[in-house]
Amino acid sequence: NTRAMTDAVVEGASHVEINGIEVMVQQPLETGPEEVIVADAVILGTTENFGYMSGAMKDFFDRIYYPCLEKTESLPFAVFIRAGNDGLGAHNSIERIVKGLAWRQVQEPLICRGTWQPSFVDQCEELGMTLAAGLEAGIF
């Protein structure tokens, strides 16, 4: 389900009417500070695991935090969470870390709660499209 949500974010960000945006998909365990430093924006996606972000997402933040600390201030970001419960623990843990990084949240967090719904895919596509359109327009 999270893969379908990620694919939808990419589809939205790659919409044919949005120009000049290069979309790069990276798994958390394969992403280092180098990729974050050169990014114009980041969309973070995670599952909710035991009321927290995934271990892979936590590992990502552990590895990129200090190398990115002073180099990515005001980086626009958005987040989507696939939550079996309320998703608030996962969101709050991410929020604390990105606040320390001084990243700029440009969209409300998308928390897809409960049993799988096809509408989650549509919401993720809109998330990707909105962020990419904002970058294209110079809003973010």
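This text gives an overview of the structure that appears in the document. Model, not experiment: these values are computed from the prediction.

Moving on: the packing of aromatic side chains. Tallied over the full model, the rule gives five aromatic pairs. Measuring from ring centre to ring centre gives 6.4 Å for Phe 61 and Trp 103, while their planes differ by 50°; the resulting arrangement is tilted. In this pair, Phe 61 is assigned in helix α3 (residues 55-68) and Trp 103 in the loop between α4 (88-101) and β4 (104-105), connecting sequence segments 42 residues apart. On the basis of relative accessible area, Phe 61 is assigned to the buried category, the value being 2%. A residue is classified by how much of its surface remains accessible, and Trp 103, at 7% relative accessible area, is buried. For the ring pair Phe 77 and Trp 103, a centre distance of 6.2 Å and an interplane angle of 55° mean the geometry is tilted. Highlighted residues: Phe 77 in strand β3 (residues 76-83) and Trp 103 in the loop between α4 and β4, separated in sequence by 26 residues.

Looking at the element boundaries, Asn 19 is found in the loop between α1 (2-13) and α2 (33-38). In this structure the C-alpha to C-alpha distance between Asn 19 and Glu 125, which are 106 residues apart in sequence, comes to 16 Å.

This brings us to unusual backbone geometry. One non-glycine residue, Phe 50, lies in positive phi territory at about 55°. Here Phe 50 lies in the loop between β1 (42-49) and β2 (52-53). On the basis of relative accessibility, which here comes to 89%, the residue Phe 50 falls in the exposed class.

Once that is clear, we can look at the pattern of salt bridges. Inspection of every chain in the model, using the stated rule, returns three salt bridges. One salt bridge connects Lys 58 with Asp 62, and the closest N-O pair in it is separated by 2.5 Å. Taken together, the residues Lys 58 and Asp 62, both in helix α3 and four residues apart, mark about one turn of the helix. Judged by its relative accessible area of 27%, Lys 58 falls in the partly exposed class. Residue Asp 59 pairs with Arg 63 through a salt bridge whose shortest N-O separation is 2.7 Å. Here Arg 63 and Asp 59 lie together in helix α3, a separation of four residues that amounts to about one turn. A relative accessible area of 27% places Asp 59 in the partly exposed class.

For the rest of this paragraph, the subject is the pairing of β1. One face of the sheet, then the other: side chains in a regular strand alternate in exactly this way. Bridge count between β1 and β3: six bridges; the pairing is parallel. Bridge pairing in β3 places Leu 44 opposite Val 79.

What counts as what
- Residues numbered from 1 in each chain as written.
- Predicted model: local features only at pLDDT ≥ 70, side-chain atom pairs only at ≥ 80, totals over all residues.
- Heavy atoms only, no water.
- Phe/Tyr/Trp six-rings, centres within 6.5 Å; stacked < 30°, edge-to-face > 60°.
- Helix = DSSP H or I, 4+ residues; strand = E, 2+ residues; numbered from the N terminus.
- Buried < 20%, exposed > 50% of the residue type's maximum accessible area, 1.4 Å probe, protein only.
- Salt bridge = Lys/Arg side-chain N within 4 Å of Asp/Glu carboxyl O.
- Pairing = 2+ DSSP bridges.

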